[in-house]
Amino acid sequence: MGRVTTALQELRGAQKSAKGVSLYSRFVNRPAGRYLAAGSYALGLTPNQVTLISAAFSFAAVAAVALAAPSWGLGIAVWAALAVGFAFDSADGQLARLCGGGSAAGEWLDHVVDAAKLTALHSCVLIAFYRFPEAYGTGGEGWLLVPLGFQFAAVVTFFGGLLTEKLKPKPAPGSPAAAPSTARAVALLPVDYGVFCLVFLLLGGGKAFTWAYAGLGAVAALFLLAFLAKWFRELSAVRR
């Protein structure tokens, strides 16, 4: 317990900026990841091993969505596995900072797993809509376009944001971090991955899940347009 307590104390002072982070990630996922990082540190795990644990939980949930008939029990299991996977996704970076900094290979692995998780999850929803049309109310072929559209918005948002951070100039060392905006943190909740995971609790509701999923997809598309305009405006001022 001593190593865990020491790790937690160090991690509390080594958190990333909360700017641009939703309330869920800030007050739920990051704290959960902090405890998982401390426990992983005590067990002697490496950041890459934690990334693979995150992948195992996430892809188990993804496979269950595609292979199992929808039910309330399945929904709880899928949500729990996705949420735990997301917490471990936060833990790997925190563990890396605790160990003195991450590696290029570790960052690469983390982003590859995230990209694979995004594409696989929406692909498996599409498979579920196709395999169980009566349960989900997706008898019309048009419904199969919903996961494809959601996947497009999610993937472009992910890579657009990642590329924007790489292209923007880094702040000067010692520069004070911008204060996080509570209003922005609330506004970002609809496109937070942790909030998205909650929709799978409705798997037992069939059509309720379908409509909730489609609604979040529409919101993701609208946010994508806003993000693209914002990122392009910010990068237009950058000279290389």
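Thresholds, definitions, all that
Residues numbered from 1 in each chain as written. Predicted model: local features only at pLDDT ≥ 70, side-chain atom pairs only at ≥ 80, totals over all residues. Heavy atoms only, no water. Helix = DSSP H or I, 4+ residues; strand = E, 2+ residues; numbered from the N terminus. Buried < 20%, exposed > 50% of the residue type's maximum accessible area, 1.4 Å probe, protein only. Contact = heavy atoms within 4.5 Å. Phe/Tyr/Trp six-rings, centres within 6.5 Å; stacked < 30°, edge-to-face > 60°. Lys NZ or Arg CZ within 6 Å of the ring centre and 35° of its normal. Axes fitted to C-alpha atoms, helices over the stretch in contact; angles between N-to-C directions. Parallel < 35°, antiparallel > 145°, perpendicular 65-115°, else oblique. Left-handed = near helix turned anticlockwise from the far one by under 90°. Nonpolar A, V, L, I, M, F, W, Y, C, P; charged D, E, K, R; others polar. Expected span 1.5 Å × (residues − 1). Polar contact = N/O pair within 3.5 Å; in protein donor to acceptor, adjacent residues only side chain to side chain. Core = buried A, V, L, I, M, F, W, Y, C linked by side-chain atoms within 4.5 Å.

Caption draft 1: Summary view of the overall build of the chain. Check the secondary structure of the chain and you find 10 helices and 0 strands. Residues counted as buried form 39% of the 240 residues belonging to the chain. Partitioning the contacts of the chain with sequence separation of at least 6, the portion at a separation of at least 24 is 82%.

Caption draft 2: The arrangement of the packing of aromatic side chains in detail. Tallied over the entire structure, the rule returns 18 aromatic pairs. With centroids separated by 6.4 Å and ring planes inclined at 5°, the aromatic side chains of Tyr 24 and Phe 86 adopt a geometry described as stacked. Taken as a pair, Tyr 24 in helix α2 (residues 23-43) and Phe 86 in helix α4 (residues 72-98) lie far apart in primary sequence, 62 residues in all. Across the pair, Phe 86 and Tyr 24 agree in class, each one buried. Here the aromatic rings of Phe 86 and Tyr 193 are separated by 5.0 Å at their centres, their planes lie at 70°, and the arrangement is edge-to-face. Linking Phe 86 in helix α4 with Tyr 193 in helix α9 (residues 193-198), this pair joins segments that are 107 residues apart in sequence. Given a relative accessible area of 11%, Phe 86 falls into the buried group. Exposure remark for Tyr 193: the relative accessible area of 14% places this residue in the buried category. The structure contains a cluster of three or more aromatic residues connected by ring pairs, namely Tyr 24, Phe 86, Phe 129, Tyr 136, Phe 150, Tyr 193, Phe 196, Phe 200, Phe 209 and Tyr 213. A cation over a ring is seen here: Lys 117 above Tyr 193, with NZ or CZ 4.5 Å from the ring centre.

Caption draft 3: A look at the packing of helix α7 (residues 145-167) against helix α10 (residues 207-236). For the pair α7 and α10, interaxial distance at closest approach is 9 Å and the crossing angle is 25°. Compared by their axis directions, α7 and α10 come out roughly parallel. Helix-helix and strand crossings are classified by hand; for α7 and α10 the assignment is left-handed. In this structure, α7 contributes Val 146, Pro 147, Phe 150, Phe 152, Ala 153, Val 156, Thr 157, Gly 160, Gly 161, Thr 164 and Leu 167 to the contact, and α10 contributes Tyr 213, Ala 214, Leu 216, Gly 217, Ala 220, Ala 221, Leu 224, Phe 227, Leu 228, Trp 231, Glu 234 and Leu 235. Looking at the contact of α7 with α10 residue by residue, the class counts come to 17 nonpolar, 5 polar and 1 charged.

Caption draft 4: Representation of α10 in the model. Over its 30 residues, α10 extends 43 Å from the first C-alpha to the last, a length consistent with the 44 Å expected when each residue adds 1.5 Å. Those residues of α10 not exposed but buried are Phe 209, Thr 210, Tyr 213, Ala 214, Leu 216, Gly 217, Ala 220, Leu 224, Phe 227 and Trp 231. Those residues of α10 that are buried are in contact with α5 (104-131), α6 (133-136), α7 and α9.

Caption draft 5: Quick look at the environment of Ser 71. By secondary structure assignment, the location of Ser 71 is in the loop between α3 (47-67) and α4. Since its relative accessible area comes to 31%, Ser 71 is described here as partly exposed. Remark: the alpha-carbon pair of Ser 71 and Ala 135, spanning 64 residues in sequence, is separated by 9.4 Å. If sequence neighbours within four positions are ignored, Ser 71 has contacts with Leu 203 and Gly 204.

Caption draft 6: Summary view of the side chain of Ser 22. Looking at the element boundaries, Ser 22 is found in the loop between α1 (2-12) and α2. Overall, the relative accessible area of 4% leaves Ser 22 in the buried class. At a separation of 2.4 Å, a polar atom in the side chain of Ser 22 contacts the side chain of Asp 192. Filtering out sequence-adjacent residues up to four positions away, Ser 22 remains in contact with Ala 185, Leu 188, Leu 189 and Asp 192.

Caption draft 7: The packing of α4 against α5, seen in detail. The contact between α4 and α5 brings their axes to 11 Å, and the two run at 160°. Considering the angle they form, α4 stands roughly antiparallel to α5. As for how α4 packs across α5, the hand of that crossing is left-handed. Facing α4, whose interface residues are Leu 82, Asp 89 and Asp 92, α5 presents Asp 110, Asp 114, Lys 117 and Leu 121. Its residues placed into classes, the contact of α4 with α5 shows 2 nonpolar, no polar and 5 charged.

Caption draft 8: The arrangement of the nonpolar core in detail. One finds Val 78, Leu 82, Phe 196, Phe 200 and Phe 209 to be the most contacted residues of the largest nonpolar core, which totals 31 residues. Of the residues forming this core, the biggest block, 6 residues, is contributed by α5. Once you skip the residues sitting within four places of it in the chain, Phe 200 turns out to touch Val 65, Gly 75, Val 78, Trp 79, Leu 82, Leu 121, Val 125 and Phe 209. Counting residues in each nonpolar core, the second largest holds 6 residues, with Ala 37, Phe 88, Leu 95 and Leu 98 among its members.

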